[in-house]
Amino acid sequence: MNVFRLSSLALVSISCAILPAAASEATPSGAAPQTYAMQALAPTIAAILGVPAPKQAEAPPIDRIVKDLQGSNKLAVLGVDAFGAAIWEKMRGKTPYLNSLATGANQAQLRSVLPSVTCVNFGCMITGGSQKTTGILTKDSQLQCEDLCSVLRANGMKSGGFGRKDYTGDRLLGRYADFSVADMASDQDVLAGMMEVIEAKKPEFVIVQYGKTDDVFHARGPFSQEAAEACAGADAWLEQLVPWLRARGYAILITADHGQHETAKKDGTTGGTHGTASDLDCLVPLVWLRSAERAN
Ligand SMILES: [Zn+2]
């Protein structure tokens, strides 16, 4: 343990030393952030936590993020369901907290795997595999490949997977992780439950699905006034959770499983859907942060 602590300290000073170089990679204002495959997320997390990538992962780790977060002992993925990059762009007035976290140097985009639906993409986040590799058809499917939670377990680490009752965060992520919460009716209940689990069990890896955004976007359209309020709700949730996790030693990855596009409903009102290969459905934000103790 002492040796590990020492090497963590060494990594802290190395990453401080390379900060100017990392900053120079910042996206120029107005340009689209660099896009990586959703399959890169699991290998990136594995590299940060110092374990092998899941065996069938289909992309290499994202070097920028590994460099910035290397030496983190714990990591949390916060997945805001259906919060596509285009939706964030349109709703920036409703997400002041997230805006304040994303400086450009710690920001990119991911491209969802197909079909751009929740279970397939959260499944990808914990395996690095597209649907043909994971075999995921529903949130109750058995994974056909190695998953990150198992890799961590084999290396003496624990994981937590969280979401509302019967959502993917519960039925898929909670099933593969060591810890979960049962029967949570709202995202706020999930938040309270996962905080208790994290305090008690201190899992090295946490992944959580915030569900309300997808529900509202489907019902009212992803660019509607109701969607704007849902984005404000997600931003408030992040403001509760991110500092709390960072103070407990977690590095953070904020992302989404997929986006949404507008549809015309039979009654003449606007709704939303996803699943296609379009940029609206597939491009999602990715913002990364060090834990508080490593934030310079
Ligand atoms: Zn949906």
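Because the structure is predicted, anything quoted here is derived from the model rather than measured. (Residues numbered from 1 in each chain as written. Predicted model: local features only at pLDDT ≥ 70, side-chain atom pairs only at ≥ 80, totals over all residues.)

A. The arrangement of the packing of helix α11 (residues 187–201) against helix α13 (residues 225–247) in detail. At a minimum axis distance of 11 Å, the contact between α11 and α13 shows a crossing angle of 10°. Classified by the angle their axes make, α11 and α13 are roughly parallel. Of the residues in α13, those touching α11 at Asp 187, Leu 191 and Met 195 are Trp 237, Gln 240, Leu 241 and Trp 244. A per-class count over the contact of α11 with α13 returns five nonpolar, one polar and one charged. (Axes fitted to C-alpha atoms, helices over the stretch in contact; angles between N-to-C directions. Helix = DSSP H or I, 4+ residues; strand = E, 2+ residues; numbered from the N terminus. Parallel < 35°, antiparallel > 145°, perpendicular 65-115°, else oblique. Contact = placed C-beta atoms within 7 Å. Nonpolar A, V, L, I, M, F, W, Y, C, P; charged D, E, K, R; others polar.)

B. Representation of the sheet that holds strand β2 (residues 74–80) in the model. Judged by pairing direction, the sheet is mixed, and its seven strands sit side by side in the order β1-β3-β9-β6-β2-β5-β4 without closing on themselves. One side of each edge strand has no neighbouring strand; the edge strands of this open sheet are β1 (35–37) and β4 (159–162). Across the sheet, the axes of successive neighbouring strands diverge by a mean angle of 20°, strand direction being ignored. Two strands pair when backbone bridges link them, and strand β3 (residues 107–111) and strand β9 (residues 283–289) are joined in this way by five bridges, in the antiparallel orientation. Bridged to Ala 108 within β9 is Leu 286. (Pairing = 2+ DSSP bridges.)

C. Local environment of helix α3 (residues 41–49). Counting buried positions along α3 yields nine of nine residues, so the element is predominantly enclosed. When α3 is considered as a whole, its buried residues turn out to be Leu 41, Ala 42, Pro 43, Thr 44, Ile 45, Ala 46, Ala 47, Ile 48 and Leu 49. Just downstream of α3, Gly 50 is the residue with a positive phi angle, here 75°. (Buried ≥ 20, exposed ≤ 12 C-beta atoms within 10 Å, placed from the backbone.)

D. Fine view of the pairing of β2. Counting buried positions along β2 gives seven out of seven residues, so the element sits mostly inside the fold. Here β2 shows no split at all, with Lys 74, Ala 76, Leu 78 and Val 80 on one side and Leu 75, Val 77 and Gly 79 on the other all buried. Alignment of β2 against strand β6 (residues 250–255), held across six bridges, turns out to be parallel. Looking at the pairing, Lys 74 lines up with Tyr 250 of β6. As paired elements, β2 and strand β5 (residues 205–210) share six bridges and run parallel to each other. Residue Leu 78 lies in a different strand from β5, and its bridge partner there is Val 208.

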